Amino acid sequence: MKFRDKVQVSAPVLESQAGNGRPVDEEGDIVTNYRFESFTPAFDASTGEPDERTKGYFASTSVGFHDSRSTEAALKNRVQRAIDDGRHLTAVYADSEYEYALGADIPVATFAWFDKLVNVGGGRLVPAHLITWVTVRPTHRRRGLLRSMMTTDLAEAKAAGYPFAALTATEGGIYSRYGFGVATWSHAIEVDTSPGFQMIREPDRRVEMCLPSVLRELAPKIYGEFMRTSPGAMERQQTYIERATGDLNPETGEADRGVRAALHFGEDGEPDGYVSYKFAGWSVKPPTIELIDFVAATDAAYASLWSFLAAIDLSSRVTFGESAEDSPLPWLLTDSRRVRTTSTEDNIWIRVLDVKAALEARPWYVAGELVLEIDDPQELAGGKFRITADGENATVETASESTPADLSLGIAELGSLYFGGADPVILVRAGRIEENTPGAAVQASAMFSLGRMPYSPNGF
């Protein structure tokens, strides 16, 4: 994002609200006692330590997300991961400070973005604008800081040519106001692996344990193969590699020497799936294996890795916090009740920035025609659009004002439909979509489907 002096100047939305591009608070008053700075994380060349601005930024995000204060080594590793991911940071600083309060070098609000490829269906990989590390200190809320950062960022992402933006939310009620809709979900599951656990069909036995360190080389390759099979899956950031290898315990910022790992090998002898895990400790009852990461590029790898996990001695339960919404695991077992969902959470939120570019990028497996009327309060991507699909691709054209719309919906609802994860019929019943043409929701349900539910075992 581009800022100058002590106020933001680049957001068209803010210019229309405040008349001069300055951030405004909840009452519409201009906020002038803040300055916005955008930069990339960096190390001081003379000391080899994170530079002061980077230190202050991470001190602020640690407060915002209730993280423990990082040791010097953990902070250096965290900064290096941010550099490896190509993250761009924005910090908001207050001009004044009270004695004994946090220093003026620690931002009162933060924002970051980076880009990764996302599978929009059929293995088609599209660059997306990913938003993360959004915080506002409690003492500086209702000053227009989040709105200022978000509206500027979305406008600039659209200008840069990104078809959509994405984020994962720590709080679910914040981002729909900016046009984001829930596009993927994840489930936390518990699997009873006590005696009697049995699969309907015996999987292959091509699983071997390995040193977790080998996943530094293999995990990105295997995940890359998986990503092309799953709509909604996106390139991962460095954190996932370090968690899988045991180099990072996200709770402590240090290495985790309790991590174990196993690989599945395809018929050609090449690894096509892996799992990293740890024993939860003898105080946990029943004895439990906690999955850190589980990636299978093939159905054979998926079944065999679960068979391996169930055979681990001195344990009778496996827990996994990032299972797919339509996991095949219950169908693999003779007793599906051994798989229990303990919680369900939204995962990836999508904000469409360019309707034509986004919808034409993804495949359309059912031929048909739909006219959508899309409301976008931020005026980034609204309008009336005609989708003409041929069973493989679609042409998206702006429709005239006189053209009747089959469905009327908000830009957030379009984000929820984008990967085929939300059913238009359900959204009509919920009052989130208005069906103007009888049967249009059923037709849209078929047309937006990507053949399998979206799944992205990835948070950012």
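For the protein, an unreviewed UniProt entry supplies the name GNAT family N-acetyltransferase and the organism Brevibacterium metallidurans. Checking UniProt for the protein, the heading Sequence similarities (unreviewed entry) contains the comment "Belongs to the acetyltransferase Eis family." Under the heading Subunit (unreviewed entry), UniProt records this for the protein: "Homohexamer; trimer of dimers."

Caption draft 1: Looking closely at the overall build of the protein. Looking only at helices and strands, one finds 12 helices and 21 strands in the protein. Relative to the 2.2 N^0.38 estimate, which gives 23 Å for 460 residues, the radius of gyration of the protein is 24 Å and therefore close to what a compact globule would have. Each of the three principal axes of the protein carries a C-alpha extent, and together these read 70 × 65 × 35 Å. Among the 460 residues that make up the protein, the fraction classed as buried is 53%. A sequence separation of at least 24 residues applies to 72% of the contacts in the protein between residues at least 6 apart. When the 45 basic and 66 acidic side-chain charges of the protein are each reduced to a single mean position, those positions are 3 Å apart.

Caption draft 2: Up close: a negative patch on the surface. The grouping of Glu225, Glu267, Asp268 and Glu270 at the surface amounts to a negative patch. Note on placement: Asp268 falls in the loop between β11 (260–265) and β12 (271–279). Residue class for Asp268 comes out exposed when judged on its relative accessible area of 62%.

Caption draft 3: How the structure looks around the pattern of salt bridges. All chains considered together, the criterion is met by 21 salt bridges. Across the salt bridge formed by Glu360 and Lys356, the nearest N and O atoms sit 2.9 Å from each other. Within this pair, Glu360 and its partner Lys356 are both found in helix α9 (residues 355–361), separated by four residues, close to a single helical turn. Classification of Glu360 as partly exposed rests on a relative accessible area of 28%.

Caption draft 4: Summary view of the sheet that holds strand β21 (residues 433–435). Spatially, β19-β18-β17-β20-β21 is the arrangement adopted by the five strands of the open sheet, whose pairing is mixed. Of all strands in the sheet, those bounded by a partner on one side alone are β19 (394–398) and β21. Looking at each pair of strands side by side, their axes are set apart by 25° on average, direction ignored. One ladder, built from three bridges, connects strand β20 (residues 407–410) with β21; its direction is antiparallel. The residue of β21 that forms the bridge with Ser408 is Glu434. Helix α12 (residues 440–448) contacts β17 (368–375), β18 (383–389), β20 and β21 of the sheet and is inclined by roughly 105° relative to β17.

Caption draft 5: A look at unusual backbone geometry. For the bond from Lys285 to Pro286, the omega torsion is -5°, close enough to zero to count as cis. Along the chain, the position of Pro286 falls in the loop between β12 and β13 (288–296). Residues other than glycine seldom take positive phi values, yet Trp133 does so here, at roughly 50°. Residue position: Trp133 is located in strand β6 (residues 125–136). For Trp133, a relative accessible area of 14% corresponds to the buried category.

Caption draft 6: Layout of the packing of aromatic side chains. Summed over the entire model, instances satisfying the criterion amount to 18 aromatic pairs. Pairing Phe39 with Tyr57 gives two aromatic rings, centres 6.1 Å apart and planes at 90°, and the pair type is edge-to-face. With Phe39 in strand β3 (residues 34–39) and Tyr57 in helix α2 (residues 52–64), this pair connects stretches of sequence that are 18 residues apart. Comparing Phe39 with Tyr57 shows no difference in burial state: the two are buried. When the centroid spacing of 6.1 Å and the interplanar angle of 90° are considered together, the rings of Phe114 and Phe460 count as edge-to-face. Of this pair, Phe114 sits in strand β5 (residues 109–119) while Phe460 sits in the segment after α12; the two residues are 346 residues apart in sequence, bridging distant segments of the chain. What makes Phe114 buried here is its relative accessible area of 0%. When its relative accessible area of 10% is taken as the criterion, Phe460 is described as buried. One aromatic cluster is present, formed by Phe39, Tyr57, Phe58 and Trp133 through successive ring pairs.

Caption draft 7: The arrangement of the pairing of β12 in detail. A large share of β12 lies buried, amounting to seven of its nine residues. Where β11 and β12 come together, six bridges link them in antiparallel fashion. What sits directly across from Phe265, in β12, is Pro271. Taking the residues between adjacent antiparallel strands as the criterion, β11 and β12 are bridged by five residues, where Gly269 takes a positive phi near 85°. As paired elements, β12 and β13 share seven bridges and run antiparallel to each other. Bridge assignment links Val275 to a residue of β13, and that residue is Phe294.

Caption draft 8: Region of the structure containing the packing of α2 against helix α3 (residues 72–84). At a minimum axis separation of 11 Å, α2 and α3 run at an interaxial angle of 100°. Taken together, α2 and α3 sit at an angle that is classed as roughly perpendicular. Across the interface between the two elements, Thr54, Lys55, Phe58, Thr61 and Ser62 from α2 touch Leu75, Arg78, Val79 and Ala82 from α3. Here the contact of α2 with α3 is built from residues that sort into four nonpolar, three polar and two charged.

Caption draft 9: Representation of the side chain of Thr403 within the structure. One can find Thr403 in the loop between β19 and β20. By relative accessible area, which is 11% here, Thr403 ends up buried. Ignoring sequence-local partners within four residues, the contact set of Thr403 consists of Val371, Lys384 and Arg386.

Here is what the cut-offs are and how they apply
Going along each chain's sequence as written, the residues are numbered from 1 onward. Local features in a predicted model are, by the rule used here, given only for residues with pLDDT of at least 70; side-chain atom pairs are given and counted only at 80 or more, and totals for whole chains, interfaces and linings are based on all residues. Remark: hydrogens and water are excluded; side-chain values derive from all non-hydrogen atoms of the structure. UniProt positions are given in the numbering used here, feature names are shortened, and annotations may be inferred rather than shown by experiment. To qualify as a helix, a DSSP run of H or I must reach at least 4 residues; to qualify as a strand, a run of E must reach at least 2; elements of each kind are numbered from the N terminus. Radius of gyration: over C-alpha atoms. The globule rule applied is 2.2 Å multiplied by the number of residues raised to the 0.38 power. Note on exposure labels: buried denotes an accessible area under 20% of the residue type's maximum, exposed denotes more than 50%, and partly exposed covers the range between, all computed with a 1.4 Å probe on protein chains only. Contact definition: two residues touch when any of their heavy atoms are within 4.5 Å. Charged residues are defined here as Lys and Arg on the positive side and Asp and Glu on the negative side; His and the ends of the chain fall outside this count. Where a charge sits is defined by one atom per residue type, namely NZ (Lys), CZ (Arg), CG (Asp) or CD (Glu). Note that patches include only residues with greater than 30% relative accessible area and no salt bridge, and the join distances are 9 Å for like charges and 5 Å for nonpolar side chains (Val, Leu, Ile, Met, Phe, Trp, Tyr). For the area figures, the Shrake-Rupley method with a 1.4 Å probe applies, and any residue is considered shielded solely by the protein chains shown. Salt bridge, as used here, is a side-chain nitrogen of Lys or Arg placed within 4 Å of a carboxyl oxygen of Asp or Glu. By the convention used here, strands pair only if DSSP detects at least 2 bridges between them. Convention adopted: a line fitted to C-alpha atoms gives each axis, helices being fitted over their contacting stretch, and angles between N-to-C directions are expressed from 0 to 180 degrees. The criterion for an aromatic pair is that two Phe, Tyr or Trp rings (for Trp, the six-membered ring) have centres within 6.5 Å, with stacked assigned to planes under 30 degrees apart, edge-to-face to planes over 60 apart and tilted to the rest. For this classification, under 35 degrees means roughly parallel, over 145 means roughly antiparallel, 65 to 115 means roughly perpendicular, and everything else is oblique. The residue classification treats Ala, Val, Leu, Ile, Met, Phe, Trp, Tyr, Cys and Pro as nonpolar and Asp, Glu, Lys and Arg as charged. All others, Gly included, are polar.

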